[in-house]
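# A look at the structure
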Amino acid sequence: MRAIAPPASLFGAVLGIVGLGASWRAAAVLWNVPTTIGESIMVAGAIVWAILAMSYLLKWLLQREEALAELRHPIQCCYISLVPATTTLMGLVLAPHYRGTAVVLWIVGTVCQIGFAAYRAGGLWRGGLNIEAVTPILFLPSVAANLISSIVAGVLGLTSWGLLFFGMGFFSWIVIESAIVFRLWTAAPLPMPLRPALGIHMAPPVVASVAYLVNTDGPADLFVQAMWGYGLLQLVMLARLLPWVSDQPFSVSYWGYSFGVTAISTGALQMASRGGSEAISVLAPLVFVISNAAIAALGVGTLTRIVQGRLLPPRLTGERTVKEAPP
(Lines give C-alpha, C1' and ligand atoms only; values in the text may rest on other atoms or scores of the structure.)
Protein backbone atom coordinates (compact mmCIF):
# COMPACT_ATOMS: atom_id res chain seq x y z
CA MET A 1 0.00 0.00 0.00
CA ARG A 2 2.91 2.38 0.72
CA ALA A 3 3.87 2.31 -2.94
CA ILE A 4 0.74 4.21 -3.92
CA ALA A 5 1.15 6.99 -1.35
CA PRO A 6 3.44 9.62 -2.88
CA PRO A 7 3.92 12.82 -0.90
CA ALA A 8 2.59 15.91 -2.67
CA SER A 9 6.17 17.22 -2.78
CA LEU A 10 6.92 14.63 -5.46
CA PHE A 11 4.83 16.69 -7.89
CA GLY A 12 7.80 19.06 -7.90
CA ALA A 13 9.38 16.64 -10.36
CA VAL A 14 6.62 17.52 -12.84
CA LEU A 15 7.50 21.22 -12.51
CA GLY A 16 11.13 20.48 -13.27
CA ILE A 17 10.56 18.16 -16.22
CA VAL A 18 7.94 20.37 -17.88
CA GLY A 19 10.08 23.42 -17.08
CA LEU A 20 12.99 21.82 -18.92
CA GLY A 21 10.69 21.04 -21.83
CA ALA A 22 9.68 24.71 -21.96
CA SER A 23 13.34 25.68 -21.99
CA TRP A 24 13.99 23.40 -24.96
CA ARG A 25 10.96 24.86 -26.73
CA ALA A 26 12.51 28.30 -26.28
CA ALA A 27 15.86 26.94 -27.50
CA ALA A 28 14.15 25.68 -30.66
CA VAL A 29 13.02 29.24 -31.39
CA LEU A 30 16.36 30.86 -30.58
CA TRP A 31 18.87 28.30 -31.85
CA ASN A 32 16.75 26.18 -34.17
CA VAL A 33 17.41 22.98 -32.23
CA PRO A 34 15.03 20.08 -33.07
CA THR A 35 11.56 20.67 -31.65
CA THR A 36 11.25 16.95 -30.94
CA ILE A 37 13.58 17.30 -27.94
CA GLY A 38 11.35 19.74 -26.12
CA GLU A 39 8.17 17.88 -27.03
CA SER A 40 9.64 14.56 -25.88
CA ILE A 41 10.53 16.08 -22.52
CA MET A 42 7.00 17.49 -22.28
CA VAL A 43 5.57 14.02 -22.90
CA ALA A 44 7.78 12.63 -20.15
CA GLY A 45 6.49 15.30 -17.79
CA ALA A 46 2.89 14.47 -18.69
CA ILE A 47 3.46 10.77 -18.05
CA VAL A 48 5.02 11.46 -14.64
CA TRP A 49 2.10 13.78 -13.79
CA ALA A 50 -0.49 11.16 -14.81
CA ILE A 51 1.19 8.47 -12.67
CA LEU A 52 1.48 10.77 -9.66
CA ALA A 53 -2.07 12.13 -10.04
CA MET A 54 -3.53 8.62 -10.09
CA SER A 55 -1.37 7.56 -7.14
CA TYR A 56 -2.33 10.65 -5.17
CA LEU A 57 -6.03 10.02 -5.81
CA LEU A 58 -5.60 6.43 -4.57
CA LYS A 59 -3.83 7.80 -1.52
CA TRP A 60 -6.97 9.76 -0.60
CA LEU A 61 -9.19 6.77 -1.33
CA LEU A 62 -7.14 4.03 0.36
CA GLN A 63 -4.81 5.81 2.78
CA ARG A 64 -6.94 8.68 3.95
CA GLU A 65 -5.25 9.01 7.34
CA GLU A 66 -1.88 9.59 5.73
CA ALA A 67 -3.41 12.05 3.26
CA LEU A 68 -5.09 13.94 6.09
CA ALA A 69 -1.86 13.97 8.10
CA GLU A 70 -0.16 15.66 5.16
CA LEU A 71 -2.98 18.18 4.83
CA ARG A 72 -2.77 19.03 8.53
CA HIS A 73 1.01 19.28 8.63
CA PRO A 74 2.12 22.91 9.18
CA ILE A 75 4.83 22.75 6.50
CA GLN A 76 4.21 19.81 4.17
CA CYS A 77 0.61 20.84 3.49
CA CYS A 78 1.76 23.66 1.20
CA TYR A 79 3.12 21.08 -1.24
CA ILE A 80 -0.48 20.01 -1.90
CA SER A 81 -0.87 23.14 -4.02
CA LEU A 82 1.42 21.44 -6.55
CA VAL A 83 -1.36 18.98 -7.39
CA PRO A 84 -3.65 21.58 -9.01
CA ALA A 85 -0.67 23.66 -10.16
CA THR A 86 0.75 20.78 -12.19
CA THR A 87 -2.73 20.11 -13.57
CA THR A 88 -2.68 23.69 -14.84
CA LEU A 89 0.81 23.08 -16.21
CA MET A 90 -0.51 20.26 -18.38
CA GLY A 91 -2.21 23.02 -20.33
CA LEU A 92 1.26 24.25 -21.27
CA VAL A 93 2.22 20.77 -22.45
CA LEU A 94 -0.88 20.43 -24.63
CA ALA A 95 -1.25 24.04 -25.81
CA PRO A 96 0.49 23.61 -29.21
CA HIS A 97 -1.40 20.42 -29.97
CA TYR A 98 -4.82 20.30 -28.27
CA ARG A 99 -5.81 23.82 -27.30
CA GLY A 100 -9.33 22.92 -26.19
CA THR A 101 -8.12 20.30 -23.74
CA ALA A 102 -5.37 22.67 -22.60
CA VAL A 103 -7.95 25.35 -21.76
CA VAL A 104 -10.03 22.86 -19.77
CA LEU A 105 -6.97 21.78 -17.75
CA TRP A 106 -6.05 25.41 -17.18
CA ILE A 107 -9.52 26.18 -15.85
CA VAL A 108 -9.71 23.09 -13.61
CA GLY A 109 -6.20 23.52 -12.22
CA THR A 110 -6.59 27.25 -11.70
CA VAL A 111 -9.92 26.99 -9.88
CA CYS A 112 -8.55 24.27 -7.61
CA GLN A 113 -5.31 26.09 -6.84
CA ILE A 114 -7.20 29.27 -5.96
CA GLY A 115 -9.42 27.22 -3.67
CA PHE A 116 -6.45 25.64 -1.92
CA ALA A 117 -4.67 29.00 -1.60
CA ALA A 118 -7.76 30.45 0.06
CA TYR A 119 -7.83 27.49 2.44
CA ARG A 120 -4.14 27.45 3.33
CA ALA A 121 -2.73 30.94 2.75
CA GLY A 122 -5.98 32.65 3.71
CA GLY A 123 -6.19 30.57 6.88
CA LEU A 124 -2.83 31.93 8.02
CA TRP A 125 -4.32 35.41 8.33
CA ARG A 126 -5.84 34.28 11.63
CA GLY A 127 -2.36 34.19 13.14
CA GLY A 128 -0.65 31.60 15.28
CA LEU A 129 2.00 30.47 12.79
CA ASN A 130 5.21 29.46 14.50
CA ILE A 131 8.38 31.05 13.06
CA GLU A 132 9.82 27.55 12.51
CA ALA A 133 7.06 26.84 9.97
CA VAL A 134 8.03 29.87 7.85
CA THR A 135 10.00 28.37 4.96
CA PRO A 136 10.20 28.93 1.19
CA ILE A 137 7.53 26.22 0.87
CA LEU A 138 5.04 28.98 1.76
CA PHE A 139 5.61 30.38 -1.73
CA LEU A 140 3.80 27.47 -3.35
CA PRO A 141 0.07 28.11 -2.76
CA SER A 142 -0.19 31.84 -3.49
CA VAL A 143 2.93 32.58 -5.55
CA ALA A 144 3.97 29.56 -7.64
CA ALA A 145 0.47 28.33 -8.42
CA ASN A 146 -0.74 31.75 -9.57
CA LEU A 147 2.35 32.38 -11.70
CA ILE A 148 1.83 29.00 -13.37
CA SER A 149 -1.77 29.96 -14.11
CA SER A 150 -0.44 33.20 -15.59
CA ILE A 151 2.10 31.43 -17.81
CA VAL A 152 -0.40 28.93 -19.19
CA ALA A 153 -2.99 31.68 -19.76
CA GLY A 154 -0.45 33.71 -21.71
CA VAL A 155 0.58 30.73 -23.85
CA LEU A 156 -3.10 30.07 -24.58
CA GLY A 157 -3.61 33.68 -25.65
CA LEU A 158 -5.72 34.54 -22.60
CA THR A 159 -3.51 37.49 -21.71
CA SER A 160 -6.11 39.50 -19.80
CA TRP A 161 -6.42 36.55 -17.41
CA GLY A 162 -2.68 35.98 -17.49
CA LEU A 163 -2.00 39.50 -16.26
CA LEU A 164 -4.47 39.08 -13.39
CA PHE A 165 -2.75 35.93 -12.19
CA PHE A 166 0.63 37.56 -12.69
CA GLY A 167 -0.45 40.26 -10.25
CA MET A 168 -1.66 37.67 -7.75
CA GLY A 169 1.61 35.77 -7.84
CA PHE A 170 3.94 38.77 -8.10
CA PHE A 171 2.61 40.76 -5.17
CA SER A 172 2.22 37.63 -3.03
CA TRP A 173 5.91 36.95 -3.68
CA ILE A 174 6.95 40.47 -2.65
CA VAL A 175 5.02 40.24 0.62
CA ILE A 176 5.95 36.68 1.59
CA GLU A 177 9.64 36.92 0.71
CA SER A 178 10.34 39.50 3.41
CA ALA A 179 8.88 37.19 6.07
CA ILE A 180 10.88 34.20 4.81
CA VAL A 181 14.18 36.10 4.64
CA PHE A 182 13.59 37.47 8.14
CA ARG A 183 13.09 33.91 9.39
CA LEU A 184 16.20 32.64 7.59
CA TRP A 185 18.28 35.47 9.04
CA THR A 186 17.07 35.47 12.63
CA ALA A 187 15.54 32.12 13.61
CA ALA A 188 17.25 28.76 14.12
CA PRO A 189 18.80 27.24 10.97
CA LEU A 190 16.49 25.11 8.87
CA PRO A 191 16.51 21.47 10.00
CA MET A 192 18.50 19.26 7.66
CA PRO A 193 15.46 17.65 5.95
CA LEU A 194 14.09 21.12 5.11
CA ARG A 195 17.29 22.60 3.70
CA PRO A 196 16.58 21.52 0.09
CA ALA A 197 13.41 23.65 0.28
CA LEU A 198 15.72 26.65 -0.09
CA GLY A 199 15.77 25.78 -3.79
CA ILE A 200 12.21 27.06 -4.00
CA HIS A 201 13.44 30.51 -2.98
CA MET A 202 14.91 31.31 -6.40
CA ALA A 203 11.76 30.35 -8.30
CA PRO A 204 9.46 33.39 -7.80
CA PRO A 205 11.52 36.03 -9.66
CA VAL A 206 12.42 33.81 -12.61
CA VAL A 207 8.98 32.18 -12.91
CA ALA A 208 7.47 35.67 -12.69
CA SER A 209 9.83 36.72 -15.51
CA VAL A 210 8.47 33.96 -17.75
CA ALA A 211 4.89 34.86 -16.80
CA TYR A 212 5.54 38.50 -17.66
CA LEU A 213 7.15 37.64 -21.00
CA VAL A 214 4.39 35.32 -22.24
CA ASN A 215 1.77 37.96 -21.45
CA THR A 216 3.56 40.90 -23.09
CA ASP A 217 5.10 41.70 -26.47
CA GLY A 218 8.26 43.35 -27.72
CA PRO A 219 11.85 43.44 -26.46
CA ALA A 220 12.58 42.64 -22.83
CA ASP A 221 12.02 45.79 -20.79
CA LEU A 222 13.74 47.05 -17.65
CA PHE A 223 11.19 45.46 -15.30
CA VAL A 224 11.54 41.88 -16.54
CA GLN A 225 15.32 42.14 -16.85
CA ALA A 226 15.49 43.32 -13.24
CA MET A 227 13.33 40.42 -12.05
CA TRP A 228 15.48 37.95 -13.92
CA GLY A 229 18.62 39.55 -12.50
CA TYR A 230 17.29 39.11 -8.98
CA GLY A 231 16.68 35.45 -9.78
CA LEU A 232 20.27 35.15 -10.98
CA LEU A 233 21.43 36.49 -7.62
CA GLN A 234 19.34 33.81 -5.89
CA LEU A 235 21.02 31.15 -8.05
CA VAL A 236 24.45 32.39 -6.97
CA MET A 237 23.44 32.36 -3.30
CA LEU A 238 22.00 28.85 -3.57
CA ALA A 239 25.20 27.66 -5.24
CA ARG A 240 27.13 29.07 -2.28
CA LEU A 241 24.84 27.21 0.16
CA LEU A 242 24.79 23.91 -1.73
CA PRO A 243 27.48 22.25 0.45
CA TRP A 244 25.42 23.11 3.56
CA VAL A 245 22.18 21.93 1.95
CA SER A 246 23.77 18.68 0.76
CA ASP A 247 24.34 17.57 4.34
CA GLN A 248 20.83 16.23 3.78
CA PRO A 249 21.08 13.07 1.59
CA PHE A 250 19.20 13.15 -1.68
CA SER A 251 15.42 13.08 -1.34
CA VAL A 252 12.39 14.17 -3.35
CA SER A 253 12.62 17.59 -1.68
CA TYR A 254 15.61 18.40 -3.89
CA TRP A 255 13.18 18.80 -6.77
CA GLY A 256 12.39 22.15 -5.15
CA TYR A 257 15.39 23.43 -7.10
CA SER A 258 13.99 22.31 -10.43
CA PHE A 259 11.35 24.87 -11.36
CA GLY A 260 13.55 27.84 -10.60
CA VAL A 261 16.59 26.44 -12.35
CA THR A 262 14.59 25.67 -15.50
CA ALA A 263 12.62 28.94 -15.44
CA ILE A 264 15.80 31.01 -15.28
CA SER A 265 16.88 29.29 -18.51
CA THR A 266 13.50 29.66 -20.22
CA GLY A 267 13.28 33.34 -19.37
CA ALA A 268 16.81 34.01 -20.62
CA LEU A 269 16.17 32.22 -23.92
CA GLN A 270 12.89 34.06 -24.44
CA MET A 271 14.52 37.43 -23.78
CA ALA A 272 17.43 36.59 -26.07
CA SER A 273 14.92 35.77 -28.82
CA ARG A 274 13.10 39.07 -28.36
CA GLY A 275 16.14 41.27 -27.86
CA GLY A 276 16.64 44.12 -25.44
CA SER A 277 19.41 42.71 -23.23
CA GLU A 278 22.91 41.94 -24.40
CA ALA A 279 23.93 40.72 -20.94
CA ILE A 280 21.14 38.16 -20.71
CA SER A 281 21.80 36.99 -24.27
CA VAL A 282 25.40 36.28 -23.26
CA LEU A 283 24.30 34.42 -20.13
CA ALA A 284 21.53 32.42 -21.83
CA PRO A 285 23.73 29.51 -23.04
CA LEU A 286 25.32 29.19 -19.60
CA VAL A 287 22.05 29.00 -17.67
CA PHE A 288 20.66 26.60 -20.30
CA VAL A 289 23.55 24.21 -19.64
CA ILE A 290 23.11 24.61 -15.86
CA SER A 291 19.40 23.88 -16.21
CA ASN A 292 19.96 20.66 -18.15
CA ALA A 293 22.72 19.52 -15.81
CA ALA A 294 20.56 20.16 -12.74
CA ILE A 295 17.59 18.19 -14.05
CA ALA A 296 19.88 15.36 -15.16
CA ALA A 297 21.36 15.21 -11.64
CA LEU A 298 17.90 15.22 -10.07
CA GLY A 299 16.77 12.49 -12.45
CA VAL A 300 19.75 10.28 -11.67
CA GLY A 301 19.27 10.83 -7.94
CA THR A 302 15.58 9.95 -8.17
CA LEU A 303 16.17 6.80 -10.23
CA THR A 304 18.86 5.72 -7.78
CA ARG A 305 16.47 6.13 -4.87
CA ILE A 306 13.78 4.17 -6.72
CA VAL A 307 16.18 1.29 -7.33
CA GLN A 308 17.18 1.39 -3.67
CA GLY A 309 13.52 1.44 -2.62
CA ARG A 310 14.15 4.64 -0.67
CA LEU A 311 12.37 7.29 -2.73
CA LEU A 312 9.48 8.01 -0.39
CA PRO A 313 10.04 9.66 3.01
CA PRO A 314 8.74 8.17 6.28
CA ARG A 315 5.00 8.31 6.82
CA LEU A 316 3.60 11.46 8.31
CA THR A 317 1.63 11.07 11.47
CA GLY A 318 -1.26 13.11 12.70
CA GLU A 319 1.02 14.79 15.24
CA ARG A 320 2.44 18.16 14.30
CA THR A 321 6.14 18.70 14.53
CA VAL A 322 5.72 22.46 14.66
CA LYS A 323 3.11 24.20 16.78
CA GLU A 324 0.72 26.48 14.97
CA ALA A 325 -2.89 27.39 14.67
CA PRO A 326 -4.92 25.04 12.45
CA PRO A 327 -5.11 26.05 8.77
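Anything mentioned here points back to the structure above.
Remember, predicted model here, so these are calculated numbers, not experimental data.

Conventions used here
- Residues numbered from 1 in each chain as written.
- Predicted model: local features only at pLDDT ≥ 70, side-chain atom pairs only at ≥ 80, totals over all residues.
- Heavy atoms only, no water.
- Phe/Tyr/Trp six-rings, centres within 6.5 Å; stacked < 30°, edge-to-face > 60°.
- Helix = DSSP H or I, 4+ residues; strand = E, 2+ residues; numbered from the N terminus.
- Buried < 20%, exposed > 50% of the residue type's maximum accessible area, 1.4 Å probe, protein only.
- Expected span 1.5 Å × (residues − 1).
- Contact = heavy atoms within 4.5 Å.
- Salt bridge = Lys/Arg side-chain N within 4 Å of Asp/Glu carboxyl O.

The next thing to look at is the packing of aromatic side chains. The description of an aromatic ring pair rests on the distance of the ring centres and on the angle between the ring planes. The full count for this structure, using the stated rule, is 16 aromatic pairs. Between phenylalanine 11 and tyrosine 56, the aromatic rings sit 5.9 Å apart at their centres with planes inclined by 90 degrees, giving edge-to-face as the arrangement. Here the residue phenylalanine 11 occupies a position in the segment before helix H1 (12–31), and tyrosine 56 occupies one in helix H2 (residues 35–62), the gap between them amounting to 45 residues. Given a relative accessible area of 0%, phenylalanine 11 falls into the buried group.

Time to look at H2. Its 28 residues give H2 an end-to-end C-alpha distance of 41 Å, which sits within 8% of 40 Å, the value for a rise of 1.5 Å per residue. Buried within H2 are the following residues: Gly38, Ile41, Met42, Gly45, Trp49, Leu52, Ser55, Tyr56 and Lys59. Tucked into the core, H2 has its buried residues touching H1, helix H3 (64–72) and helix H4 (82–94).

Before going further, it helps to examine the pattern of salt bridges. Inspection of every chain in the model, using the stated rule, returns 3 salt bridges. Glutamate 39 serves as the salt-bridge partner of arginine 25, at 2.8 Å between the closest nitrogen and oxygen. Placement of the pair is arginine 25 in helix H1 and glutamate 39 in helix H2, with a sequence separation of 14 residues. One salt bridge in this structure joins lysine 59 and glutamate 70, with 3.0 Å as the shortest N-O distance. Within this pair, whereas lysine 59 is found in helix H2, its partner glutamate 70 is found in helix H3, the two being separated by 11 residues in sequence. Across the pair, exposure class does not vary: lysine 59 and glutamate 70 are buried alike.

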